[in-house]
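Working through the structure, step by step
The residues making up each chain are set out below.
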Amino acid sequence: MSSTTSRPEAAKPPMREALVAAAFQLFLERGYEQTTVDDIVALAGVGRRSFFRYFPSKEDVVFPDHERCLADMTAFLAASEPDHEPVRRVCDAARLVMLMYAENPSFSVQRYRLTKRVPGLRAYELSVVWRYERALAAYLRDRFAGKPDGDLRADVIAAATVAAHNNALRSWLWSDGQGDAAEAVDHALGSVRTAFGTAPEPSAKVTRGVPLVTALPDEDDVVVVVSRRGAPLWRVVQEIETALARK
């Protein structure tokens, strides 16, 4: 007897995945509100106790991987080194969420459509998003501790990171998972790094926050850059690089 016929159980999905599959089959056939936990376990062929061993509620079966992803994000941030640039680090952490969605595009799109139709699921999803944002903010608050407006900066950057990530992710889901989700999210997060990231120190002489002159390497001519007083360093560097590129 072949191994495929002697071990039929090997072809069955793990119980957790079987419960998710059964739940979404019923959600599509009957609707979310009309489907009960008893319906799900009956289709999956398990007992109620097995369901609640994996999922605290019916809502949790719609978002089966967020707890794992949140734990991965928290561990990633906890493993940060002091020399890691904090804004880049939180952007890298946000990419973990994108990777979770991209693991199974068809399921992610299916869940997106379901969540749009069920207000209760939308509220649940917002609570999950808030937990991601709080994890990012907690890391940034620690990194900005003792700095002026450290907590404020941490909360603003965390919110901006989540907003940029979710904007790109929603566009990808709205397109039925077409295109490169990673590329879309990277582009969106790039705007966060541009706005809030730490730029290298400019080579220009700076007086009272206004760059005056920077010399071109190996040349005698100079580039004069005029910048608004109090402009962030990343903007000053961007203006210098643009001026140099035109030479």
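1. A look at the overall build of the protein
In terms of helices and strands, the protein carries twelve helices and four strands. Put simply, the protein has 247 residues, and 39% of those count as buried. Considering only residue pairs separated by 6 or more positions, the protein has 61% of its internal contacts joining residues 24 or more positions apart. By element, 54% of the accessible surface of the protein is carried by carbon and sulfur atoms, the whole surface being about 14,400 Å².

2. Comments concerning the pattern of salt bridges
Across all of its chains, the model carries 14 salt bridges by this definition. When the shortest N-O distance is used, the salt bridge between Asp38 and Arg48 registers 2.8 Å. Remark: Arg48 occurs in helix α4 (residues 48–54) and Asp38 occurs in helix α3 (residues 37–44); sequence separation between them is ten residues. Given the relative accessible area of 40%, Asp38 is considered partly exposed.

3. Quick notes on the packing of aromatic side chains
Using the criterion set out here, one finds seven aromatic pairs in the structure. With a centroid separation of 5.6 Å and 50° between ring planes, the pair formed by Phe51 and Phe55 is classed as tilted. The burial state of Phe51 is the same as that of Phe55; both residues are buried. Aromatic ring contacts, followed pair by pair, group Phe24, Phe27, Tyr32 and Phe107 into a single cluster. Directly above the ring of Phe76 sits Arg89, whose terminal nitrogen or CZ lies 3.7 Å from the centroid. Above the plane of the ring of Phe144 lies Arg153, whose end atom (NZ or CZ) is 4.2 Å from the centre.

Rules used throughout
Residues numbered from 1 in each chain as written. Predicted model: local features only at pLDDT ≥ 70, side-chain atom pairs only at ≥ 80, totals over all residues. Heavy atoms only, no water. Helix = DSSP H or I, 4+ residues; strand = E, 2+ residues; numbered from the N terminus. Buried < 20%, exposed > 50% of the residue type's maximum accessible area, 1.4 Å probe, protein only. Contact = heavy atoms within 4.5 Å. Areas by Shrake-Rupley, 256 points an atom, 1.4 Å probe, with all protein chains shown as cover. Salt bridge = Lys/Arg side-chain N within 4 Å of Asp/Glu carboxyl O. Phe/Tyr/Trp six-rings, centres within 6.5 Å; stacked < 30°, edge-to-face > 60°. Lys NZ or Arg CZ within 6 Å of the ring centre and 35° of its normal.

Any link to function would need more than the numbers given here.
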